[in-house]
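Secondary and tertiary structure notes
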Amino acid sequence: MINLILFGPPGSGKGTQAVTLAEKYGLIHISTGDLFRYEMSNDTPLGLQAKSYMQKGELVPDEVTIGMLRNKVEAHPKSNGFIFDGFPRTVAQAKALDAMLTDKTQEVSALIALEVDDDEIVARILNRGKTSSRADDNDESIIRNRINVYNRETTPVFDYYAQTGKTKRINGIGSIEDIFDRLRQEIDQLS
Ligand code: AMP
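An account of the accompanying structure is given in this report. (Residues numbered from 1 in each chain as written. Predicted model: local features only at pLDDT ≥ 70, side-chain atom pairs only at ≥ 80, totals over all residues. Heavy atoms only, no water.)

**Quick notes on the packing of helix H2 (residues 32-41) against helix H3 (residues 45-56)**
Following both chains from N to C, one finds H2 and H3 inclined at 115°, their axes separated by 8 Å at the closest point. Crossing of H2 over H3 shows left-handed handedness. Contacts between H2 and H3 pair Gly33, Phe36, Arg37, Glu39 and Met40 from the former with Leu46, Gly47, Ala50, Lys51 and Met54 from the latter. Looking at the contact of H2 with H3 residue by residue, the classes come out as 5 nonpolar, 2 polar and 3 charged. (Axes fitted to C-alpha atoms, helices over the stretch in contact; angles between N-to-C directions. Helix = DSSP H or I, 4+ residues; strand = E, 2+ residues; numbered from the N terminus. Left-handed = near helix turned anticlockwise from the far one by under 90°. Contact = heavy atoms within 4.5 Å. Nonpolar A, V, L, I, M, F, W, Y, C, P; charged D, E, K, R; others polar.)

Written out as structure tokens, the structure reads:
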């Protein structure tokens, strides 16, 4: 059973890598960003709630995000484990995740952080924005705000898991294949 947090700033490649890793290790990939976008595209009450925050590059409130994540985890009671992508983004979310996994007599196996510098992130997201049709990928000031929110609210999640020795850092610059190999080497040491 592996429960992996794929960590890193927006645009660091978490989503791309999570899809391939989930396939290789037979894990359920949960991206809270994708879940919110799905809700938004269906104009659900949850989607409408999330929209104003996402458009500004702010975090959706913890209660909303944690409730949505819990539903998704509970929908897969027989999974071999999960890859969390874009969650937890606050220490409150991390504590809620730990409690959720403890209820299932499981725990977070590791948090792997993809390290990418700010200028590279902005360039990557603007490039993605050409095809992603995401409003938050097409405006440099929103992208910079997402990076600021990450530095302010999300980096403490790294420190939270570092206390229990579960954190690893990976160079997030390079080809998709090279980064996948770096991740694979870390994950293969877990079991
Ligand atoms: P992402 O696709 O992971 O970059 O997320 C896009 C946007 O969705 C973020 O800028 C937030 O507005 C929202 N979001 C995604 N995951 C979370 C989370 N764990 N907590 C709060 N907001 C989130």
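Read on, since the account is not over.
**Brief notes about unusual backbone geometry**
Of note, the bond from phenylalanine 87 into proline 88 is cis; its omega dihedral lies within 30 degrees of zero at -5°. Checked against the element boundaries, proline 88 lands in the loop between strand E3 (81-85) and helix H5 (91-103). Not every positive phi belongs to a glycine, and serine 133 is a case in point at roughly 50°. Tracing the backbone through its elements, the reader meets serine 133 in the loop between helix H6 (118-132) and helix H7 (140-162).

**Re the packing of aromatic side chains**
Taken as a whole and assessed by the stated rule, the structure comprises 4 aromatic pairs. Between phenylalanine 7 and phenylalanine 158, the ring centres sit 6.3 Å apart and the planes meet at 45°, which makes this aromatic pair tilted. One end of the pair, phenylalanine 7, is in strand E1 (residues 2-7); the other, phenylalanine 158, is in helix H7, with 151 residues separating them in the sequence. Of the two residues, phenylalanine 7 and phenylalanine 158, neither departs from the other in class, the shared state being buried. Measuring from centroid to centroid gives 5.6 Å for phenylalanine 82 and phenylalanine 84, while their planes differ by 25°, and the two rings are stacked. This pair shows no difference in class: phenylalanine 82 is buried, exactly as phenylalanine 84 is. Through successive ring pairs, a cluster of aromatic residues spans Phe7, Tyr150 and Phe158. Directly above the aromatic system of tyrosine 25 lies the positively charged group of lysine 24, at a separation of 5.4 Å from the ring centroid. (Phe/Tyr/Trp six-rings, centres within 6.5 Å; stacked < 30°, edge-to-face > 60°. Buried < 20%, exposed > 50% of the residue type's maximum accessible area, 1.4 Å probe, protein only. Lys NZ or Arg CZ within 6 Å of the ring centre and 35° of its normal.)

**What about the layout of surface pockets?**
A probe matching the size of a water molecule, rolled over the atoms, marks out where space remains unfilled. Taken as a whole, the largest pocket encloses approximately 980 Å³ of empty space. Residue lining of the largest pocket: 47 residues in total, with Gly11, Lys14, Arg128, Arg134 and Arg146 positioned closest to the centre. Among the elements of the structure, E1, helix H1 (14-25), strand E2 (28-31), H2, H6, H7 and helix H8 (176-188) are those that each provide at least two residues to the lining of the largest pocket. Residues that form the lining of the largest pocket fall into these classes: 16 nonpolar, 20 polar and 11 charged. Taken as a whole, the second largest pocket holds about 210 Å³ of empty space. Lining of the second largest pocket is provided by 16 residues; of these, Pro9, Leu114, Glu115, Tyr150 and Thr155 occupy positions nearest its centre. For the lining of the second largest pocket, the elements supplying multiple residues, two or more each, are strand E4 (110-115), H6 and H7. Here the lining of the second largest pocket gets 6 residues from one element, more than from any other, and that element is H7. (1 Å grid on protein atoms, 1.4 Å probe; cavity = no way out; pocket = protein on both sides within 12 Å on 5 of 7 lines; lining within 4 Å. Points joined across faces, edges and corners; volume = space filled by probe spheres on them.)

**Quick word on the site of the ligand**
The environment of the ligand is formed by 16 residues, the closest being Thr32, Arg37, Glu58, Gly86 and Gln93. At 2.9 Å from an oxygen atom of the ligand is found a side-chain nitrogen or oxygen belonging to arginine 37. Between an oxygen atom of the ligand and a main-chain N or O atom of glutamate 58, the distance comes to 2.6 Å. Compared with its free state, where it exposes 480 Å², the ligand has 96% of that area covered by protein. (Near = heavy atom within 4 Å. Polar contact = N/O pair within 3.5 Å; in protein donor to acceptor, adjacent residues only side chain to side chain. Areas by Shrake-Rupley, 256 points an atom, 1.4 Å probe, with all protein chains shown as cover.)

**Some words on the sheet that holds strand E5 (residues 167-171)**
Sheets are built from strands that pair by backbone hydrogen bonding, the pairs being arranged parallel or antiparallel. In spatial order, the strands read E2-E3-E1-E4-E5; together these 5 strands make up an open sheet with parallel pairing. This sheet does not close on itself; its edge strands, each paired only once, are E2 and E5. Here the strands of the sheet are splayed against their neighbours by 20° on average, with no regard to which way each runs. Sheet topology places E2 next to E3; 4 bridges connect them, and they run parallel. (Pairing = 2+ DSSP bridges.)

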